[in-house]
Structures are given as structure tokens and as C-alpha cells.
Amino acid sequence: YETIEQVAPDLFEKIRELVKAGKWNITGGWFLQPDCLMPCGETFVRLISVGKKYFQEKFGVTTNVALNFDSFGHSLGLVQILAKNGYIGYLICRPNKSSKFSYPGRFFKWTAPDGSEVLVSQSDSYSSFLGEAAVKIAKEAKGESIWMLGAEDGKECKGAEDIDYSLWGVGNHGGGPSRKDLKDISQLQIENTQIIHSTPDALFSENLNVSGTVNTSLITVNPGCYSSMAKVKQAYRRAENNYYAIEKMLTFAELSGISEDAADLKFAEKQLLLTTFHDVLPGTCVEAAEREALDTIAVCNKITTEHRTSLLLKLTMSQECAKEGEFPVFVFNYMPYPITTPIEVEFTLANQNWDESIYYEPHVFADEVEVPCQTVKENSTINLDWRKRVVFEGSLQPLCVTRFTIKVVAVPRLPKQTALPANIQQILQNNGLLNGRATLELYDDTADPWGMSQEELTAMGKNPTPFTEAPSEKIQQFFATGEALSAERVIEDGPVFMGLEGVYTHENTTAVLQYKLYKKQPFIDIKAIVEFGDKNKLLRLKFPLPDKWKNARPYGDGPFICEEKPDCEISFQKWLGVKNEAEEIYTVINNGVYGGKIEDGAIHITLLRGAGYCFHPVYDKPLYPQDRYLPRIDSGKYVYEFRLYVGSQENVCKQAALFNQQPYAINVFPTGGTLSPTPKIRIEGDVILETVKPADDGGYIFRIYNPACSKKQFTLAVEQQKIAVTAVQNEVVSIQYNHGGFTVYHDRMPV
């Protein structure tokens, strides 16, 4: 609609007149039809709010039935989002009969743990062939089964309901009517049946036969798509994390009296929402669309990172100047509670050190008290004592800037310590959090990026073969070094963490796994760097579970939901793990992966698939031509980051939120002043601040999520005001703060 308004205003005015006349119906009301598993909960709220505002402003219309015909599954977290955004009904097509999901009936209640519910109907088919709409309608009126695009599928029928519907229209996802179809429908007669043109809103206002309740996510469909087109998925997660982090930073700055023209964030928000489209984020589009998606996400990231730099400089420039020999470091914590966490930051010495007899050793101080610090390899590679990168354990104020000071001391230069051979398996077994090292496995796979076959619904990939330690000559070639190296080494060791590195290879792919074993933190961080060169293959990273966790049940997160996962390839968001009888969770947290499974006493994270661009199965026809070169999607270099952690469900979610919005640290020199930022927002309690943003009607909106399976009380403090709120299990509470007062919404999600 918005595009028509911009490029064909006369046509747009005709549509507006038809809407006024009741001859054109606005359906759904969302910004677009997104993937309904991978975006975070707040993104779904924005998809709805941006769409609803537009249709209300341009057409004076608000709908109460949402529809996502072609999305590949629907998260249980959507129930609460739909209900609290004014929807009574939800119309879907997937999963269908072939997707191994059983519906209780044509119309059923979908209920969420917080008590929200919405009425849902699933149709096997969302369109019709040109000129054959009446044929399809007649068949569906008898309860005959129709395949997704409108053809017969030969499945067993259940019979039609007393009040039922048929979706028709030419095109993908349904589409426009043809004159022939309209004429044929007008002449269609079915015994004992009244046929009318209707709308989703009118359908769901009828006295429908509701046949049961579903209290799980509506999955699984096309499991391969949750690991296809990894570049888009990683870039999207970064953009999503950045966008909601910047909204938090902007709110803190405004409450601190610092202004920022952030009008372009609305444009950035639309770029983020555009990328959620259900054939883009899942990675089932053509190569040109992949490039455009990455360009779109890059626009969003550029806008948000520029605001991050601008805001942090405004928050620091008017602080007290650094003393001679000091390097100030400012760290912004996006979490609304104090944390102590490893922080990495780089700075440059005042002058290049060409003296081979001394080395400048950094020390980090917080209010004149030295904190544990470790010098590690800097990002640049210049063999000179000049640029420094340090890791230190920093205690940060809640949702605020915390200042640290680095001082350097000249010490005698010692011979440079090279990486030492190590047995990573033994070191990790002694650590206790991992039952040995993580391993990589390569599976036989198809070139279909969706993973549409019945076999793939049960298991993605087959015949796994493990990677092995790379031989010395392979490492020399891969590293482009002149030295013989062992496959596994200690590359860093100091007061903050021990760094391990292993190099592994199989067929045409080589991977480096790096571990950070922290001395004082309850988690392990793992980085996987993969140079992937295999076609029609699938790559997984396998984390072996300690023995006491091997019989625990699969568990993971989604948009505003934590839930038990099925025993197959599944989608999740920030973490996948297992939950034991004591309700503790052993989890792998990530910042850009969405697919994996729990199997054979291990957590398997699906990293890459060597599938093709839009290699779409059509019955038994060949999947793709055999007489020419066709590129595969995910060849090349990829970097993944993970965190292994054990804790309660709420603490796992808090750790995942921190891992995805890690503190932002920079070395910058203030120009002088008396500004000393103090926390303006603080939350006490095991809940997640999904976002805080300026409210449309004044003040600020806080979206706070209780990820626990039980009722939780939390306290929100803003400036000098405070309010205590109770949230039931998995509930999202919206709170508006305006002129020193609070309004709490349990049944709405205002923006």
C-alpha cells in the first residue's frame, strides 16, 4: 500500500474510495507477512503497530484478525502479542497436513502460559489457479483436501464446518481476483450452502464451531530454512540487538537532559521490519534478494551505530578531563541492573614505543582501585608496542555509563611467549561445564534451502562425519605461516581468562574453535571461525552434555516465550538447551543462529548449509539443472559466538540478553566539565527489559518480560519514582512513565 501511495497516487486514491464504499477490505493490518519464529517479541509488536497506524491514518480502518498464510510456523509467543494488540483471530496455512502437526479442528483456541488466547483457523491452501476458483470452492465446501497452491492433494478429508471458508485468488500467497473467477463464483450453486464474499474479520465474528485448544508453537515446517543464508540471519540479529539497545541509550540520554535528533530511527525501524519478510529472513530467496537484504540491514545498522557513537560522546565529553598519563574508558551497560562482566576495549599509546628493552603494561582502575586486567591480541596487526587491547572485569552501573581509567607502566620487555600445545579435551573436562571439547560434524544434505521433504521434517542431514585435528602442514597452509604448529594450543592466559584454540578440518572446510575459560565467571565463551567450501552439505557444532544432563528435555526460547522443544531440527532465538527435573537449564547461548537439535547426549547447533538459491522442489522433477554452474548460498568465511551457561530459566534469559547486547566500551578523552551520569532507570527482579522508547502519546514505554514459569514481582525505578509490579509466568508487561507517574498495562502493548 505504501509503495502504491508513493508511485501511483491516483490508484491509491481509487483504493481509498473502494475501501470507503465497502468494496475493498483491509486484512491483517501488519507491516508485512514476516517469518513468525525468528524475530524477537518486540519486533512483532512493531510489525503490528507500524501497520495499524498506517491503515488507521490512511483508511480509518483497524482489523481484529491477523493473517500470515505463508510463514513457516508460528511461535507460541505470538498468542500474547496478538491478544494484547487487539486481535481476536489469526488465520494461517502452515503447518499443513504434510507437516506432522495435528490440529484439533478447523477453528481452535491457541493459548499461552500467561493466560492469553486467540482463535485460530488453518487452511491447507491459500490460492487458486487462474479461472479455477469456483472449482476449488466447490471442493472445499464438500470438505475435500486442497494442496497449498490450489491443486488437489489426495489427503483424507474431514468434511466442512457449518460455517466455513475458502481462500482464493491468483498468485503466490493468494492474490487478485480475475473477472472469469468472479463470474464463475457468482454462478456457483452448492446444495444446502450459502456462498458469500466475506472477510477474515466477518468470519471470526460468526458463531464458529471451536474444536479444542493448542498450547504449543505451531511447528515444524521447512526446518532447513532456519539455517540457510547465514549472512542475512547474523546481520539481522545484529541490527535487531543494536536497534533496541539504542532506544535504551537514547532514553537514558534524554532523562539525563541530553538531546539527540533521532528522527531517522523510524526509517531504520522500517528497514529492520522489511528484513523479517518470510522468504528473506529464512534464507529462501534468490541471490539478488540476499544482496538487497544485506544492504537493507546495513542501512539500519549504520543509523543505529552512528547514534551510539553520538550519544556516548555526548555523555562523556563534558566529564572531567583525564590526568596526564591516563587513558579514560567509558562503558555503557544496556542492562537495567548492575553487572560485573568481562569488558574488552582498545586504546593507543600516546607515542609509538620503538624501544626494544621496555614494554608498556596496561593497568585498569575503577575509582582508583585496580581491577583484574589482561592484555590480549589487538585487532590490528602491527608488530610494534603502540595499539593495545585489554580485557578486564568491570562492575557497571545499571543502564548508564561507567568510567574506568587505564594507566601504563614501563616494564622490561621479555621474550614474546608463543602459543603452547595443549590437550583441549582434558582442560575442558577438568573445567566441568563441558564434557570435553565441542566438535564439528559434516552431514550429507540437499540443495533445497527450505528443507521441504518428509525426511527433512524428521531429521536434517544424514551420515554425519566428524572433523579431525588439522595436520601441521594443513595449519601452515591455512595460517600462511612458516612455523609448524600443533592443532590445539593455549593462545592467551592471564588474570581474566585462559584462551584455547583448535584447528579442525574435513573435506573442503576448515574451522577454528576458540575458547575463553574465565577465572571468575560462571560461563565459557566459544568462537567458531569457519571457512566453508562444501556443497549439498550441512555443518553442525556439537556440544557434549555432562552425564547428569543427558536425559534432560530439550528447551529453548522464542519471541516472548520459553518452551519445551520437539525432538527434531528446531528453531529458537537466543538459546537452546536442556532442562532437568530441578528446573535448571544447561544452555548454549548465541547471537545469530536459529537452528539446531538435541540428540545423542549433545546440543547440536546448525551453522551452515551448502544449499542453493531458491532450489525449490516440484514433485519428482529434478531439483536443479545439471548442465551449468549454480552457486550455493553459504560458501565463504563465517564467525559465530556462543556462551555456555547453567542456571534457572530467568537467569538464562538474562544472560542471553546480556550476551546479545554486550556493554559498549570506548577510550575517549573528555574536553572537560562536571557531568557525571548517574543511573536513571533501574529494575530489581529477574525480568528482561526488552526495550524502552518514547511513547507515541508522551513519556516513555517500558516493555518488560517475565521469562520464568512462575509469577514474579519486580520493581521499576525511573528517576526518583518507583513502582512494584507482579507479572505472571511468561507475561509481558507494558509500563508507561509520564511526568513522574506510571501506568501499568497487563492487557495492552502500547507503543
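Below is a summary of the structure that appears in this document. (Residues numbered from 1 in each chain as written. Predicted model: local features only at pLDDT ≥ 70, side-chain atom pairs only at ≥ 80, totals over all residues. Heavy atoms only, no water.)

### Some thoughts on a nonpolar patch on the surface
Stage number 1. A surface patch of nonpolar side chains, amounting to about 250 Å² of accessible area, comprises Y1, L18 and W24.
Stage number 2. Topologically, L18 is positioned in helix α2 (residues 9–20). (Patch = residues over 30% accessible without salt bridge, like charges linked within 9 Å, V, L, I, M, F, W, Y side chains within 5 Å. Areas by Shrake-Rupley, 256 points an atom, 1.4 Å probe, with all protein chains shown as cover. Salt bridge = Lys/Arg side-chain N within 4 Å of Asp/Glu carboxyl O. Helix = DSSP H or I, 4+ residues; strand = E, 2+ residues; numbered from the N terminus.)

### Remarks on the sheet that holds strand β4 (residues 117–122)
Stage number 1. Read across the sheet, 5 strands follow the order β1-β2-β4-β3-β5 without closing on themselves; strand pairing throughout is mixed. With one partner strand each, in any of the chains shown, β1 (65–68) and β5 (210–214) form the two edges of the open sheet. For this sheet the average axis-to-axis angle between neighbouring strands, irrespective of direction, equals 30°.
Stage number 2. Pairing analysis gives 4 bridges linking strand β2 (residues 89–92) to β4, with the strands arranged parallel. In the strand pairing of β4, Y90 is matched with V120. (Pairing = 2+ DSSP bridges. Axes fitted to C-alpha atoms, helices over the stretch in contact; angles between N-to-C directions.)

### Focus: helix α14 (residues 649–660)
Stage number 1. For α14, spanning 12 residues, the distance from its first C-alpha to its last is 17 Å, which sits close to the expected 16 Å at 1.5 Å a residue.
Stage number 2. When you tally the buried positions in α14, you get 11 out of 12 residues, the bulk of the element. (Expected span 1.5 Å × (residues − 1). Buried < 20%, exposed > 50% of the residue type's maximum accessible area, 1.4 Å probe, protein only.)

### Here we look at the packing of aromatic side chains
Aromatic rings in a pair are described by how distant their centres are and how their planes are angled relative to each other.
Stage number 1. In total, this model carries 27 aromatic pairs according to the counting rule given.
Stage number 2. Centroid distance F327 to F347: 4.8 Å. Interplanar angle 50°. Geometry classified as tilted. Here F327, found in strand β6 (residues 326–332), pairs with F347, found in strand β7 (residues 339–353); they are 20 residues apart in sequence, far enough to count as distant. With respect to burial, F327 and F347 carry one shared label: buried.
Stage number 3. On the numbers, 6.1 Å between centres and 45° between planes, the contact of F478 with F479 is tilted.
Stage number 4. One aromatic cluster in this structure is built from Y1, F12, Y54, F55 and F59.
Stage number 5. Positioned above the aromatic ring of F365 is the side chain of K407, whose terminal nitrogen or guanidinium carbon lies 5.0 Å from the ring centre. (Phe/Tyr/Trp six-rings, centres within 6.5 Å; stacked < 30°, edge-to-face > 60°. Lys NZ or Arg CZ within 6 Å of the ring centre and 35° of its normal.)

### Some details on the packing of helix α8 (residues 230–255) against helix α10 (residues 287–316)
Stage number 1. α10 packs onto α8 with a crossing angle of 25° between their chain directions and a minimal axis gap of 9 Å. With respect to α10, the element α8 is oriented roughly parallel. In terms of crossing hand, the pair formed by α8 and α10 is left-handed.
Stage number 2. Looking at the contact of α8 with α10 residue by residue, the classes come out as 17 nonpolar, 5 polar and 4 charged. (Parallel < 35°, antiparallel > 145°, perpendicular 65-115°, else oblique. Left-handed = near helix turned anticlockwise from the far one by under 90°. Nonpolar A, V, L, I, M, F, W, Y, C, P; charged D, E, K, R; others polar.)

### Considering the sheet that holds strand β35 (residues 721–727)
Stage number 1. Across the sheet, which stays open at both edges, the 3 strands sit in the order β31-β34-β35 with antiparallel pairing between neighbours. In this open sheet, the two strands that pair with only one neighbour each are β31 (681–684) and β35. Each neighbouring strand pair of the sheet contributes to a mean axis angle of 20°, computed without reference to strand direction.
Stage number 2. As defined by bridge partners, β31 adjoins strand β34 (residues 712–718) across 4 bridges and the pair is classed as antiparallel. For I683, the partnering residue across the bridge sits in β34 and is L716.

### A word on the pairing of strand β11 (residues 385–396)
Stage number 1. For β11, a buried count of 9 out of 12 residues is recorded, marking the element as mostly surrounded by other parts of the structure.
Stage number 2. Pairing geometry for strand β10 (residues 373–376) and β11, over 4 bridges, is antiparallel. Bridge pairing in β11 links C373 to F392.

### Overview of the pairing of β34
Stage number 1. With 5 of its 7 residues buried, β34 lies for the most part within the structure.
Stage number 2. Strand direction decides the pairing type here: β34 and β35, joined by 7 bridges, are antiparallel. Each bridged residue has a counterpart across the sheet, and for L716 the counterpart in β35 is I723.
Stage number 3. The loop that links β34 with its antiparallel partner β35 comprises 2 residues; one of these, E719, has a positive phi angle of about 55°.

### Structural notes on the pattern of salt bridges
Stage number 1. As enumerated under the stated definition, the model contains 48 salt bridges in all.
Stage number 2. Between K654 and D686 there is a salt bridge, and its shortest N-O distance comes to 3.2 Å. Taken together, the residues K654 in helix α14 and D686 in the loop between β31 and β32 (688–694) connect sequence positions 32 residues apart.
Stage number 3. Exposure remark for D686: the relative accessible area of 27% places this residue in the partly exposed category.
Stage number 4. Beyond isolated ion pairs, a larger network of salt bridges with shared partners links E42, R46, E247, E269 and R703.

### Observations regarding unusual backbone geometry
Stage number 1. Geometrically, the link from R94 to P95 is a cis peptide bond, its omega value of -5° lying close to zero.
Stage number 2. With an omega of 15°, the peptide bond running from I219 to T220 counts as cis.
Stage number 3. Looking at where T220 falls in the secondary structure, it is placed in the loop between β5 and α8.
Stage number 4. Although it is not a glycine, E719 adopts a positive phi angle of roughly 55°.
Stage number 5. Mapped onto the fold, E719 is located in the loop between β34 and β35.
Stage number 6. One non-glycine residue with positive phi stands out, namely H739, at about 55°.
Stage number 7. Its location among the elements puts H739 in the loop between β36 (732–738) and β37 (741–745).

### What about the state of the cysteines?
Stage number 1. A complete count under the given rule lists 0 disulfides for this structure.
Stage number 2. Not part of a disulfide, C653 finds its nearest cysteine sulfur in C562, a span of 3.5 Å.
Stage number 3. Relative accessible area serves as the criterion here: at 9%, C653 is assigned to the buried category.
Stage number 4. Looking at the unpaired C709, the closest cysteine sulfur is the one in C562, lying at 7.0 Å.
Stage number 5. Judged by its relative accessible area of 36%, C709 is partly exposed. (Disulfide = S-S within 2.5 Å.)

### Concerning the environment of Y586
Stage number 1. For Y586, the location among the structural elements is in strand β26 (residues 584–590).
Stage number 2. For the pair Y586 and F107, spaced 479 residues apart in the sequence, the C-alpha separation amounts to 37 Å.
Stage number 3. A polar atom in the side chain of Y586 sits 2.4 Å from the backbone oxygen of L433. (Polar contact = N/O pair within 3.5 Å; in protein donor to acceptor, adjacent residues only side chain to side chain.)

Structural measurements only, silent on function.
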